[in-house]
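# Coordinate analysis (summary)
What follows is the residue order along each chain.
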Amino acid sequence: MADLVPEYLTFDYRCQFRGIPGAHHDPEGYPVFWTVKVKGRVWEDEDEDEDDSEGKEVSVGEAHLYVVPDAGVIELFLTLDAVSQEVANVGEMLTINRPDLIEDMALGGDLLVLSSLRIAPKFRGNKLGHSILKAILCTIGRSASKVLLEAAPVLTKDAPSEGTAEHESAKVALRQYWESFGFHPAHCDYLVFDDMADVLD
């Protein structure tokens, strides 16, 4: 298998937004949705020749996230409820279970909700997701005061069903993975990260 050289990761950030983000938007148009596609370069040692000097570009992973500007000074639940059930659940959790997290943002700062971060199976196992999230926070997430994610496996056709031992084991693994980045428990399966100083150094 070809090795991925992390220094050669390329990030393609995509966002489509009407107008200028701000409180004048309707709630459903307030959060800014981003898709980040990550590519890298690999070299096949066995087949290395002059034509392979620049390596081969491969798809490494993809992330989806919402940036909610000035989340501490808006009606967060009403705003997120207008977008989708996924982020509505985040707004409900923050409003009902952890209002302290939003109160901390009363002086400003964006909320970044990491909806998903997928790494191609052959590149997993070396905490590449940490590198990708750090890159996201150092670019479009520089104004984020808090980052939230739900540490639960996506329920796909081939994934373990909720409540099974396999599903619970996957949740534990995800939680440990993101806690090693610096996340800490928020509520239920939600984790929060707010130590941006170390990331932006």
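These remarks concern the structure in this document.

Here is what the cut-offs are and how they apply
Residues numbered from 1 in each chain as written. Predicted model: local features only at pLDDT ≥ 70, side-chain atom pairs only at ≥ 80, totals over all residues. Heavy atoms only, no water. Helix = DSSP H or I, 4+ residues; strand = E, 2+ residues; numbered from the N terminus. Buried < 20%, exposed > 50% of the residue type's maximum accessible area, 1.4 Å probe, protein only. Contact = heavy atoms within 4.5 Å. Areas by Shrake-Rupley, 256 points an atom, 1.4 Å probe, with all protein chains shown as cover. Core = buried A, V, L, I, M, F, W, Y, C linked by side-chain atoms within 4.5 Å. Expected span 1.5 Å × (residues − 1). Arc of directions from axis to C-beta. Pairing = 2+ DSSP bridges. Right-handed = clockwise from strand over helix to strand, strands pointing away. Polar contact = N/O pair within 3.5 Å; in protein donor to acceptor, adjacent residues only side chain to side chain.

### Details of the overall build of the protein chain
Check the secondary structure of the protein chain and you find six helices and eight strands. In the protein chain, the succession of helices and strands from N to C terminus is β-β-β-β-α-α-α-β-α-β-α-β-β-α. Looking at the protein chain residue by residue over its 201 residues, the buried ones come to 38%. Contacts spanning at least 24 positions in sequence make up 67% of the contacts within the protein chain whose residues lie at least 6 apart. Accessible area for the protein chain stands at about 11500 Å²; split by element, carbon and sulfur atoms hold 48% of it.

### Quick notes on the nonpolar core
Core analysis: the largest hydrophobic core is formed by 33 residues, its most contacted members being Phe 123, Leu 137 and Phe 183. Taken together, the elements giving at least two residues each to this core come down to strand 3 (32-43), strand 4 (56-68), strand 5 (110-119), helix 4 (128-137), strand 6 (144-150), strand 8 (190-193) and helix 6 (196-200). Not counting chain neighbours up to four residues away, the residues in contact with Phe 183 comprise Leu 133, Val 147, Leu 149, Trp 178, Leu 191, Val 192 and Phe 193. Tyr 66, Leu 76, Met 93 and Ala 186 belong to the second-largest nonpolar core, a separate cluster that totals 20 residues.

### Here we look at helix 5 (residues 165-179)
For helix 5, built from 15 residues, the straight-helix expectation of 21 Å at 1.5 Å per residue is met to within 8% by its first-to-last C-alpha distance of 21 Å. All of the buried residues in helix 5 are His 167, Lys 171 and Trp 178. Within helix 5, the buried residues cover an arc of 40° as seen down the axis, which keeps them to one side. For helix 5, the exposed residues lying more than 90 degrees away from the buried face are Ala 165, Glu 166 and Gln 176.

### Thoughts on helix 4
A large share of helix 4 lies buried, amounting to eight of its 10 residues. Those residues of helix 4 that fall on the buried side of the exposure criterion are Leu 128, Gly 129, His 130, Ile 132, Leu 133, Ala 135, Ile 136 and Leu 137.

### Let's talk about the pairing of strand 5
Remember that side chains alternate between the two faces of the sheet whenever the strand is regular. As paired elements, strand 4 and strand 5 share eight bridges and run antiparallel to each other. Counterpart to Tyr 66 in the pairing with strand 5 is Val 113. Where strand 5 meets strand 6, five bridges bridge the pair, whose relative direction is parallel. Bridge pairing in strand 6 places Leu 112 opposite Val 147. Running through helix 4, the crossover from strand 5 to the neighbouring parallel element strand 6 is right-handed.

### Quick look at the side chain of Arg 98
Relative to the helices and strands, Arg 98 is located in the loop between helix 2 (85-97) and helix 3 (99-103). Accessibility expressed as a relative area gives 19% for Arg 98, which makes it buried. A distance of 2.8 Å separates polar atoms of two side chains, one belonging to Arg 98 and the other to Asp 100. With near-sequence residues (within four places) excluded, Arg 98 lies in contact with Met 93, Pro 185, Ala 186 and His 187.

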